[in-house]
Each structure stands twice: as structure tokens, then as C-alpha cells.
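# Analysis of the macromolecular model
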Amino acid sequence: MVSENSLSSLTRSSTPNLCTSFANRIFADVAGDVTVVVDGESFLLHKFPLVARSGRIRKMVADAKDSNISRLELCNLPGGARTFELAAKFCYGMNFEVTASNVSHLRCAAEFLEMTEDYYEVNLIERTETYLNEVVVQSLEKSVEVLSACETLLPIAEELGILNRCVNAIAVNACREQLVSGLSRLDCESGSAELKGGCIDWWVEDLSGLNIDFYHRVVSAMGRTGVRSDSIVASLMHYAQVSLKGIGKQQIRNPARTNPGAMENTQREIVETLVSLMPTEKSSSIPLSFLFGMLRMAIMVDATLACRLELERRISFRLEMVPLDDLLIPCIQAGDSMFDVDTVHRILVHFLQRIEEEENDDCGYESDGLGSPSHGSVLKVGRLVDAYLAEIAPDPYLSVQKFTAIIEILPDYARVIDDGLYRAVDIFLKAHPMLPEHERKQLCKYIDCQKLSQEASNHAAQNDRLPVHMAVRVLYYEQLRLKSTVSGSSGDGFLSQKISSGIPSAAMSPRDNYASLRRENRELKLEISRMRVRLSELEKEQVVMKQGMMEKSGNGKKFLTSISKGIGRIGIFHGPGGGKQQQSGRKSRASEGKTGRSRRYSLS
């Protein structure tokens, strides 16, 4: 190995003294006879060692009109002047270390200079190829470093196969690391939190330094090789966190952008690529927070519609688990509402399509149970949508059309009671006092007065913001409900009607009969849910009535006590025997009462 002074002895023409001392030490009788210019920098060298190992320089010297040519210029040399300096040292037989940081530049420069075995045994091409095959591809870390260095060496690095070798090496080594760390991961699952944190794949952070094109190739190769989907998702999340940092701040500073620059084009490409790399297996659980974060990024950078639809579709698969705050996506278009209602509407469309597909895929004739997953998901989404409507209702820029579009997209069986919907509509009417009467009626028609609780009905009956016909309907159904409660009826006969109408018709096909039964079964479950809600309300009313009766009975006891004390005081004035006489009188009256009752019973 040569010292640092020896490595720097091959100098540019700006330091001729050092160059002369180097030439005199190696070739004592031969002075520098050629100047090589690379990227504007000159090197004073000798023709003989260069033409002995470089086919390109040999051809340049041979093809020159002047046999005593003293100046050569190398244009577009991969790696530039720094890499040529290392190649020239190799031509002079000087030792230097080939590393992961310079091997790709040296390999491309050697190809450019035609330093093959035809001109010298174990030439620079052979030496760099040996290092790539025996060192780089055996190490995941070195493969990532070499691949990152190839960003400035395109397209020659692609033509030489360096990219493919590094990409495949990263995928294979990551898969090998995954297999080796399997036992340690099992230990992590039963270990402490600190141990679990250390089991995250270490290469996730290394891949975040690649550009998006190279990263796309690496992750695609990992998927083909068999790397776990959770490791790929972790890598995607880390890459997005590193490369998309600050997009929201840029959007806040310039919300009305019209001509996105190169940086925004790059960010758009990153978002679209990361979405395309998400695992497609149903077993892969991508965090909902990451999906919503990517959806917001896609909206901000104006990603393609296909990209946003894919994110919305993935979110719809687990919409029943989405927190309300994630649905409150801000709208970035000026003059529109504060929230992106159209995106939420498309997510609901995807969700309902998925529910319908699941029901159609069920080829059996058994109806769903009361706690079926699809029915439970629809009910959870119904409550989520009502809460979302209440959050966006105060927006003064929100149009009635967008508000009603969210309401009417859900089927009737998605809401057991309409209290949440009534609350959202009431907030909307309060925030839009100038709403025309016909739009108020159009908005209130979505509220089913029969599905309002007692408390909501009382509020609606006294609500001045509602149209008059709405208050009349509420009062009408409250009278019916009160009448059925007093008469002891269980309802309006809805349940019995559904049971009687659920008999399949012989004129219908088995598939139509099955669809009809499923629909009526869904309505029956909805009615049972309503009855449960009503039963809970009646139980609450019963508790209140009991408390009132207990309070009244307590007042009655106090009244009787006061009367008895007064009677006792009267007996005292009658003399010392008054008390005994009173007791005997009670006994006689009691016996008379008993005989009187027995007589009445006997006479009847």
C-alpha cells in the first residue's frame, strides 16, 4: 500500500514540481510527454504506461495525425477527473484500495478506457469485476452503497449490469437476513419492548438513501424473492417519512400553486411509486395512519387518479376501524369547502361495493347471523359517517348537495337510530341560516322519525330550525309510540309483517328467493335492533318512575307520622288511660274490619 503522499504524487499540471518528482522517481530518464485533459483538468503523464493498458488511449495516439502528439482530451469519462486519477495510478502500477465507494466508478471508467485483458493481464476491468463478484454481491450493505453510487453513472452502469447485480444481491441478502433472524424474531415476540424494537430490519434505513427509481427496483426484487410483506411495509413507511418530509409545510405556504416545479414532480413520482409498491396480499396489514398520510400526500402533489383510487380502495377495506380524525381530510382547492368531502364519498362507494361483493360471493342459503361481520361493519360505518357529518356540518362553504350525498349513500339498515343523523342535520341548519325552505325539506326527508329516540324526538318537536311538516311528523309518531306503550303493544306489527312476508314465492327462482330472504332478514335484524333501543329507553323511564314513586312514598310516610303524633297528643289530654283505650279501639276496629271483609266476601 502506498502512502498518502505517493497517492497524491500523480498530480495535475497546476503542480508541475510534484509531477516531475514522481516521473523522475519511476522513470528517471523519461520526462512527461503527454497531457491528458479530463473535465477541464490536466494531467502531465507518459504515453507508454497509458497505451500499455488502455485501448482507447492507444487508438487515440495511433490515429493522431501528429506522431508526437502531446495533448489528449477525454470527454464524458465516467467518474470524472478523480476516477481518471485512480485509473492512471493503476496504469503506472501503483497500489490503491478498491472500495465499495469507488468500484462502480472504476468499472465504468475502465470500460470507457477499454482496459481489457487484450492489452494487459489482470487489467482494471478484471480487477473491479473480481471485487464486485466476490465482495460487493456478498454484502447487503456494500451492495446498497455501490447501487447508490451508480446514480451518476447511467446509462453505462446499466449496460454493464452493475445495477441488476446490486439489486438482486440486496434482495437475496435481505431474504437471507430474514431467514437467519427468524429465531431472534421469535425471541422478540416473547421478550421486552426494548428487544422488540431492536428486531426491526437494519437495512430499512439504508434503502432510504436510494433514489426512487433504484428503490422501486430493489423493493420489486424483494417481493419476488420472498421478503416478508411487513418488512417491505416498514421500508415503505421509512422511505416516505424521509423523502416526503415538509410537503405539508410547502403546501401551506403556497396553497394556490399552478405550475409545480421539479421538486414537486419528484415528490409526485415518489408518492405514486410507493403506492404501487404496497403489498397486495390480504395478510399484509398496512397501518391506516400510513394510508391516510399517503392519501393526503397524493392530494397535495396532485398524483394521478389511479393512485388516489388505490389508496381509497385500501382504506375502504377497513373503514369500520378508521378513527374520525383521519376522515377529516382538508381541501386544498381555494374557494371550496374546508374538507375534502368527495374523497370520503368515494371511500364509502368502495366500502359498499366490497360489502355487496362479499354478500354475492356467499353461495350458501343460510342467512347471516345477527352478529355477522358485514352487518356489524355497516353499523359501525353508519355511526362513523354520522359523526363525520356532524364535524363537517358547521363549514359555511359546504354545499347542500355534497352534504346530502354523504347522507344518502348509506343504506337504511346502516342506522339503527337516526339520532346522530338528526344532530348533524340540526348543526348544518344552524350553520346555514339562509338555506331556502325547499332545501330544508329536502334535507330533513332523510331523517326517519320512527328511528328517533325519545330525547331526540322531544328536541325535534321544539326545534324552530326544522320545517313545520317535520315537527308534525315527529309529534305524530310520538303519539303512535305513546299509544302502543299504553296499550301494551310491542310495536306497529312490523316484525310480524316481516315474518309473514318472508315466505319465498314459488314463482321466483332460488337465487331471487335467497336474495329476498337476505334482504328481509336484514330488515328483521334492523327492527330487532330498534326494539332493543326502545327497550333500553323504556327501562330508563321505568327507573325514573320508580325514583319518583319512592320520593312520593317518602313524603307520605312523613305525613302519617305527623298525624300519629297529633293523635297521641290528643290522647294525653283524655287522661292516663287514653293510650290504652286508643289501642283497644284500634284492635276493635281491626277486628270489625276483618269481620266486615269476611262478610263482604261471603256475600259476594
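Residues numbered from 1 in each chain as written. Predicted model: local features only at pLDDT ≥ 70, side-chain atom pairs only at ≥ 80, totals over all residues. Heavy atoms only, no water.

## Points about the sheet that holds strand 2 (residues 41–45)
Basically, it comes down to this: Any two strands between which DSSP finds at least two bridges are classified as paired. By the criteria applied, helices consist of DSSP H or I runs no shorter than four residues and strands consist of E runs no shorter than two, each listed in order from the N terminus. Angles run from 0 to 180 degrees between N-to-C directions of axes, and those axes are lines fitted to C-alpha atoms, restricted for helices to the stretch in contact.
Read across the sheet, three strands follow the order 2-1-3 without closing on themselves; strand pairing throughout is mixed. Only two strands of the sheet have a single neighbouring strand rather than two, namely strand 2 and strand 3 (71–74). Across the sheet, the mean angle from the axis of one strand to that of its neighbour is 25°, orientation sign disregarded.

## Topic: the packing of helix 7 (residues 124–136) against helix 10 (residues 162–180)
Operational definition: An angle counts as roughly parallel when it lies under 35 degrees, as roughly antiparallel when it exceeds 145, as roughly perpendicular when it falls between 65 and 115, and as oblique in every other case. Note on contacts: a residue pair is in contact if any heavy atoms of the two residues lie within 4.5 Å. Three categories are distinguished: nonpolar for Ala, Val, Leu, Ile, Met, Phe, Trp, Tyr, Cys and Pro, charged for Asp, Glu, Lys and Arg, and polar for the others, with Gly belonging to the last.
Relative orientation of the contacting elements helix 7 and helix 10 amounts to 10°, with a least axis distance of 11 Å. By the angle between their axes, helix 7 is roughly parallel relative to helix 10. Where helix 7 abuts helix 10, its residues Glu129, Leu132, Asn133 and Val136 lie against Ile162, Arg165 and Cys166. Split into classes, the residues belonging to the contact of helix 7 with helix 10 amount to four nonpolar, one polar and two charged.

## Here we look at the packing of helix 8 (residues 140–149) against helix 10
Cut-off, in case you're wondering: Take the far helix as your reference; a near helix turned counterclockwise from it by less than a right angle gives a left-handed crossing, and one turned clockwise gives a right-handed crossing.
At their nearest, the axes of helix 8 and helix 10 sit 9 Å apart, and the two run at 150° to each other. Relative to helix 10, the element helix 8 is oriented roughly antiparallel. Once helix 8 is placed against helix 10, the crossing between them reads as left-handed. Across from Leu140, Ser143, Val144, Val146 and Leu147 in helix 8, the residues of helix 10 making contact are Ile162, Leu163, Cys166, Val167, Ala169, Ile170, Asn173 and Ala174.

## So, a negative patch on the surface
Let me state the cut-off plainly: Grouping into patches uses exposed residues only, defined as over 30% relative accessible area, and leaves out salt-bridged ones; the cut-off is 9 Å for like charges and 5 Å for nonpolar side chains (Val, Leu, Ile, Met, Phe, Trp, Tyr). Only the protein chains shown count as covering a residue, and every accessible area follows the Shrake-Rupley method with a 1.4 Å probe. Salt bridge, as used here, is a side-chain nitrogen of Lys or Arg placed within 4 Å of a carboxyl oxygen of Asp or Glu. We treat Lys and Arg as the positive residues and Asp and Glu as the negative residues; His and chain ends play no part in the count. The atom standing in for a charge is NZ when the residue is Lys, CZ when it is Arg, CG when it is Asp and CD when it is Glu.
A cluster of like negative charges, contributed by Glu117, Asp118, Glu121 and Glu126, occupies part of the molecular surface. Looking at the secondary structure, you find Asp118 in the loop between helix 6 (103–113) and helix 7.

## Focus: the environment of Thr343
Threshold: Each residue gets one of three labels from its accessible area relative to the maximum for its type: buried under 20%, exposed over 50%, partly exposed in between, using a 1.4 Å probe on protein chains only. Pairs of N or O atoms are called polar contacts if they sit within 3.5 Å, as long as, within protein, a hydrogen donor faces a hydrogen acceptor (for residues adjacent in sequence, only side-chain-to-side-chain pairs).
With respect to the helices and strands, the residue Thr343 is situated in helix 21 (residues 341–361). You can call Thr343 buried: its relative accessible area is 2%. Thr343 sits 48 residues away from Leu295 along the chain, and the two C-alpha atoms are 9.4 Å apart. Excluding anything up to four places from it in sequence, Thr343 contacts Leu295, Ile299, Glu312 and Ile329. Here Asp340 takes part through its side chain, which lies 2.9 Å from a polar atom of the side chain of Thr343.

## Structural notes on the side chain of Ser208
Position of Ser208 among the secondary structure elements: in the loop between helix 13 (203–207) and helix 14 (212–225). Separated by 2.5 Å, the side chain of Ser208 and the backbone oxygen of Glu205 make a polar contact. Excluding anything up to four places from it in sequence, Ser208 contacts His238, Tyr239 and Val242.

## Examining the pairing of strand 2
When strand 1 (residues 34–38) meets strand 2, the two strands line up antiparallel, connected through five bridges. In the sheet register, Val38 faces strand 2, and the bridge partner there is Glu41. Where strand 1 folds back on strand 2, the antiparallel hairpin that results is connected by two residues, among which Asp39 adopts a positive phi of roughly 55°.

## Some remarks on the pairing of strand 3
Burial of the side chains of strand 3 is restricted to one face: Leu72 and Leu74 are buried, whereas none of Arg71 and Glu73 on the reverse face is. Looking at chain direction, strand 1 and strand 3 are connected through four bridges and run parallel. Paired with Val38 across the two strands is Leu74, which belongs to strand 3.

## Concerning the pattern of salt bridges
A pair can form between side chains of opposite charge whenever their charged atoms are brought close. Per the stated rule, a full pass over the model turns up 16 salt bridges. When the shortest N-O distance is used, the salt bridge between Glu310 and Arg313 registers 2.7 Å. You can see Glu310 and its partner Arg313 sitting in helix 19 (residues 305–316), three residues apart, about one turn around the helix. Taking relative accessible area as the criterion, Glu310 reaches 22% and is therefore assigned partly exposed. Owing to a relative accessible area of 31%, Arg313 belongs among the partly exposed residues under this scheme. Salt bridges linked by common partners bring Arg107, Glu111, Glu129 and Arg165 together as one network.

## Details of helix 8
Because each turn of an α-helix spans 3.6 residues, side chains separated by three or four positions in sequence point in the same direction. Turning to helix 8, its buried residues number three or more, namely Leu140, Ser143, Val144, Val146, Leu147 and Ala149. On its buried face, helix 8 is in contact with helix 6, helix 7, helix 10, helix 13 and helix 14. At the N-terminal end of helix 8, a side-chain oxygen is found 3.4 Å from the backbone nitrogen of Glu141, two or three residues along, and the residue is Ser139.

## As for the confidence of the model for the protein
Atom-level detail of predicted coordinates should not be read off regions where pLDDT is low. Convention followed: pLDDT is defined as a per-residue confidence score from the predictor, taking values between 0 and 100.
Looking at the protein as a whole, the pLDDT averages 76, with 67% of positions reaching at least 70. pLDDT under 50 marks residues 251–259. Its contacts with residues more than four places away, or in other chains, come to ten contacts. This model gives residues 363–371 a pLDDT under 50, and the stretch forms 15 contacts once residues within four places in sequence are excluded.

## A few points about the nonpolar core
Side chains of nonpolar character tend, in soluble globular proteins, to be buried together. Spelled out, the test is: Nonpolar core, defined: a set of buried Ala, Val, Leu, Ile, Met, Phe, Trp, Tyr and Cys residues in which side-chain atoms within 4.5 Å join the residues together.
In terms of nonpolar packing, the biggest core is built from 141 residues, with Phe84, Tyr215, Met222, Leu274, Met294 and Phe403 touching the most fellow members. Among all residues touching Phe403, those that are not within four sequence positions of it are Leu389, Ile392, Ala393, Leu398, Ala424, Val425, Phe428 and Leu443.

## A short note on the packing of aromatic side chains
Applicable threshold: Each Phe, Tyr or Trp ring, with Trp reduced to its six-membered ring, pairs with another whose centre is within 6.5 Å; inter-plane angles below 30 degrees give stacked pairs, above 60 give edge-to-face pairs, and intermediate values give tilted ones. Geometrically, a charge over a ring is one whose NZ (Lys) or CZ (Arg) sits within 6 Å of the ring centre while staying within 35 degrees of the ring normal.
Applying the stated criterion to the full structure yields three aromatic pairs. With a centroid separation of 4.4 Å and 15° between ring planes, the pair formed by Phe403 and Phe428 is classed as stacked. Of this pair, Phe403 sits in helix 23 (residues 400–409) while Phe428 sits in helix 24 (residues 419–431), placing them 25 residues apart in sequence. Taken as a pair, Phe403 and Phe428 share a single burial class, namely buried. Cation over ring: Arg53 sits above Phe90, and NZ or CZ is 4.9 Å from the ring centre. One Lys or Arg, Arg53, reaches over the ring of Tyr120 and ends 3.6 Å from the middle of that ring.

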